[in-house]
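# Geometric and topological summary
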Amino acid sequence: MNPNAGSWTPGGAAPAPAAPPRTESSVSDVDESDPLWQCVLKICEGDRGRALKLINDPDSLTKYPEVEALIAAGDGDAAMEEEDWEKADEGAAAAADAGELAGKVEEMKIDAAPAAAKPPAAAPAKEPSVEVAAVEGDPREHLNLVFIGHVDAGKSTLSGNILYLTDNVDKRTIEKYEAEAKERNRESWFLAFIMDTNEEERAKGKTVEVGRAQFETDLHRYSILDAPGHKNYVPNMIMGASQADVGVLVISARKGEFESGFDKGGQTREHALLAKTLGVAYLVVVINKMDEPTVQWKKERFDECVGKLRPFLKGCGFKIKKEVKFMPISGLDGANVKDEVDPKVCDWWQPCWKAGDNNTDKPTLMSLLDSLEMKGRDANAPVRIPVLDRYTDRGTIAMGKVESGTVRPGTKVTVMPTRQKYKIDGVWSEETPLASARPGENVLVKVNGANMDDVQKGFVICTDPPCRSVDKLICQIMVMDLPEHSPILTAGFQANFHAHCAEEEATVTKIFETTDRKGKVHKGAPFANVGMSAICMIELARTVPCETFEDYPFLGRFTLRTEGKTCAIGIVKKLPPKKE
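Note that the structure is predicted; figures quoted are calculated from it, not measured.

## Considerations on the pairing of strand 14 (residues 469-479)
Note that strand 14 and strand 20 (residues 533-545) share 9 bridges and pair antiparallel. By the bridge assignment for strand 20, Leu-473 is matched with Ile-538. In terms of strand pairing, strand 14 meets strand 22 (residues 565-574) through 6 bridges, oriented antiparallel. Following the sheet pairing, Cys-475 is matched in strand 22 by Val-572.

## Considerations on the pairing of strand 16 (residues 494-499)
Pairing between strand 16 and strand 17 (residues 502-515): 6 bridges, direction antiparallel. Its bridge partner lying in strand 17, Gln-494 is registered against Thr-507. The hairpin formed by strand 16 and strand 17 contains 2 residues between the paired strands, and His-500 there has a positive phi angle of roughly 40 degrees. As paired strands, strand 16 and strand 21 (residues 557-562) are joined by 3 bridges and run antiparallel to one another. By the bridge assignment, His-498 is partnered in strand 21 with Thr-559.

## Looking at the nonpolar core
Ranked by size, the top nonpolar core spans 66 residues in total, and within it Val-285 and Leu-313 carry the most contacts. For this core, the element with the highest residue contribution is helix 13 (residues 299-316), accounting for 7 residues. Ignoring anything within four residues of it in the chain, the contact list for Val-285 reads Leu-249, Ile-251, Leu-309, Leu-313, Val-324, Lys-325, Phe-326 and Met-327. Ranked by size, the runner-up nonpolar core spans 28 residues in total, among them Ala-495, Val-508, Cys-536 and Val-572.

## Here we look at helix 13
The terminal C-alpha atoms of helix 13 lie 26 Å apart, and with 18 residues this matches the ideal 26 Å at 1.5 Å per residue to within 8%. Arg-310 marks where helix 13 bends most, by close to 25 degrees; the proline Pro-311 follows one to four residues later. Burial in helix 13 covers these residues: Arg-301, Phe-302, Cys-305, Val-306, Leu-309, Phe-312, Leu-313 and Cys-316. Count one or two residues on from helix 13 and you reach Gly-317, which has phi positive near 110 degrees.

## Observations concerning the environment of Glu-550
Position of Glu-550 among the secondary structure elements: in the loop between strand 20 and strand 21. When the C-alpha atoms of Glu-550 and Lys-574 are compared, they prove to be 9.5 Å apart, with 24 residues separating the residues in sequence.

## Regarding the pattern of salt bridges
Applying the stated criterion across every chain, the model contains 15 salt bridges. In this structure, the salt-bridge partner of Glu-216 is Arg-140, at a minimum N-O distance of 3.2 Å. On the criterion of sequence distance, the pair formed by Glu-216 in strand 2 (residues 211-216) and Arg-140 in the loop between helix 6 (129-133) and strand 1 (141-148) is long-range, its members being 76 residues apart. Taking relative accessible area as the criterion, Glu-216 reaches 48% and is therefore assigned partly exposed. Connected through shared salt-bridge partners, Arg-254, Glu-257, Lys-289 and Glu-292 make up one network.

## Re the packing of helix 1 (residues 35-43) against helix 2 (residues 48-55)
Helix 2 packs onto helix 1 with a crossing angle of 125 degrees between their chain directions and a minimal axis gap of 9 Å. When the interaxial angle is binned, helix 1 and helix 2 end up oblique. You can see that helix 1 and helix 2 cross each other, and the crossing is right-handed. Residues Leu-36, Trp-37, Val-40, Leu-41 and Ile-43 of helix 1 form the contact with helix 2, whose own contacting residues are Arg-48, Arg-50, Ala-51, Leu-52, Leu-54 and Ile-55.

## Observations concerning the side chain of Ser-223
Looking at where Ser-223 falls in the secondary structure, it is placed in strand 3 (residues 220-226). One polar contact links Ser-223 to Gln-214, side chain to side chain, over a distance of 3.4 Å. In contact with Ser-223, other than residues within four places in its own chain, are His-142, Leu-143, Asn-144, Leu-145, Ala-213, Gln-214 and Asn-442.

## Notes on the packing of aromatic side chains
Throughout the structure, instances matching the rule amount to 6 aromatic pairs. Arranged with centres 6.5 Å apart and planes meeting at 75 degrees, the rings of Phe-302 and Trp-349 form a pair that is edge-to-face. A residue pair is termed long-range when its members are at least 10 positions apart, and Phe-302 in helix 13 and Trp-349 in helix 15 (residues 349-354) qualify at 47 residues. Here Phe-302 falls in the buried class, since its relative accessible area comes to 0%. For Trp-349, a relative accessible area of 0% puts it in the buried group.

Conventions and cut-offs
Each chain has its residues counted from 1, following the order in which its sequence is written. Owing to the predicted nature of the model, reporting of local features is limited to residues with pLDDT of at least 70; listing and counting of side-chain atom pairs is limited to 80 or more, with chain, interface and lining totals taken over all residues. Only hydrogens and water are set aside; all other atoms, that is, all heavy atoms of the structure, feed into the side-chain values. Any two strands between which DSSP finds at least two bridges are classified as paired. Runs of E in the DSSP output that reach at least two residues are strands. Runs of H or I that reach at least four are helices, and both are numbered from the N terminus. Definition used in this section: a nonpolar core is a set of buried Ala, Val, Leu, Ile, Met, Phe, Trp, Tyr and Cys residues joined via side-chain atoms within 4.5 Å. Here's how the labels work: a residue is buried when its accessible area is under 20% of the maximum for its type, exposed when over 50%, partly exposed in between, all with a 1.4 Å probe on protein chains only. Note on definitions: a residue-residue contact is assigned when non-hydrogen atoms from the two residues lie within 4.5 Å. Here the expected length of a helix is defined as 1.5 Å per residue gap, with one fewer gap than residues. A residue's bend is simply the angle between two axes: one fitted to the seven residues ending at it, one to the seven starting at it. A side-chain nitrogen of Lys or Arg and a carboxyl oxygen of Asp or Glu constitute a salt bridge if their distance falls within 4 Å. Only C-alpha atoms enter the line fits that serve as axes; for helices the fit covers just the stretch in contact. Angles between N-to-C directions range over 0 to 180 degrees. Roughly parallel covers angles under 35 degrees, roughly antiparallel covers those over 145, roughly perpendicular covers 65 to 115, and oblique covers all other angles. Throughout, a crossing is termed right-handed when the near helix is turned clockwise from the far one, and left-handed when it is turned anticlockwise from it by less than a right angle. Whenever a nitrogen or oxygen atom comes within 3.5 Å of another N or O atom, the pair is scored as a polar contact, on the condition that within protein one atom can donate a hydrogen and the other can accept it, and that pairs from neighbouring residues in sequence are kept only if both atoms are in side chains. Aromatic pairing here means that ring centres of Phe, Tyr or Trp (its six-membered ring) are within 6.5 Å. Orientation follows from the plane angle: under 30 degrees is stacked, over 60 is edge-to-face, and everything else is tilted.

Dropping the structure here:
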């Protein structure tokens, strides 16, 4: 998915800002030698008043081919004027004008192109603008939250309400969405429209792509990844969850909805399983729709949902006491999201959280998220940035999350699996140029000299020593579900291999041993059933960047999927020896 598409994702990567307007104080303020002014004056046939108005409207300017030609020539002009820049004061002024022109032209181009971040303006080589404008980055820790769960559990509504409660969406926008939802006879969907921005999603009430948005509190900065719940869009959900630090599993407490989501074929089970496989450090289980007429904040219903979820989540590999938190909420009216539910409506929740029941001593979802501490982020390790997507904007810009290390403009990197070496020209978080980005940050990096084909989704940007890239690996898998026509997993079993942002066709070539549910080990077993774990060899159609789980957990986890089902989850145990 490309969040940089033309439509606006609230709180997310907003369209690049328009060029700052020039003051219209007097015609004499204009520099007659400015190439842009001369070009606009020619377009307006010498009418200076009309030319002034036009130069203050960058959107209209880009319609003229003469201006486009000037944009193309902008870089060359800046380079020619660079020599004069150091010679004398007049030369300095000329270069400054050229830099201002290039900046303006640059911003005009961004408005026209689907860019999410503002690239550095052309400037003299001695002082790159990235370095000048770059900031160290916000000291508050950054967390990616992925909202997962069965279709219609209320993920988009909860995400939208969080943005509204944290003042990232204004009242007028909410009123517009309310009117639009009313027209569709879906009055309770208005908050979901904040995250579900395209027409298909709004018409069906189903999220298709991973929606992105940002909010912040006094302690942390957060990126919301609103994942689709429908089983057809699980590959999209995997791409979103692969970046997540914290999973928010949204469960509907409404009679019948919890059961349909949790029973065989429901997405609650698959999403929880994938969240663990994809490396979510904490899982916050929110029992949503507690204000429903069939529920009315009853403790019995909350306890029933939690009671069924605990053993299943334990089977997925979560440590219930340390990694899983349970909380009742209403995503629509905001109870227990930012402010605690009124004790008159729900008299049992306050004694519960004060006693530390359900693994939390915090009353609301926001306070609970602020209390989570992320471990294992090493800013001094080699850089690893799995590429989620890329686009071109005066060079190739890659999107991804810094999993380890610190990336800065000027860093020399190797892109795996191609082993091509490049230099990072700029680093941005949203539209802000950064002097450095630490682990956990979602960044845009400009890769100097790379084409679109050189940096693809699933590649990993590394500093030395680069990560491994292999087409064979020995791994430990847990068999979760199998297609009806092949109820056992044997050598020759084919599936799609999903690891970090990469996806590749895979074949199980050999099974070394299996362990059944009772813990009995079978050496040289010919097959594995559902519920068994197995150590096996997997061959991939093409090389994929990965590492052993022990060395780099985020590059050592994977999922095997086929026919719309998650067949197995696994970790990489051993890689082939390095070729000299």
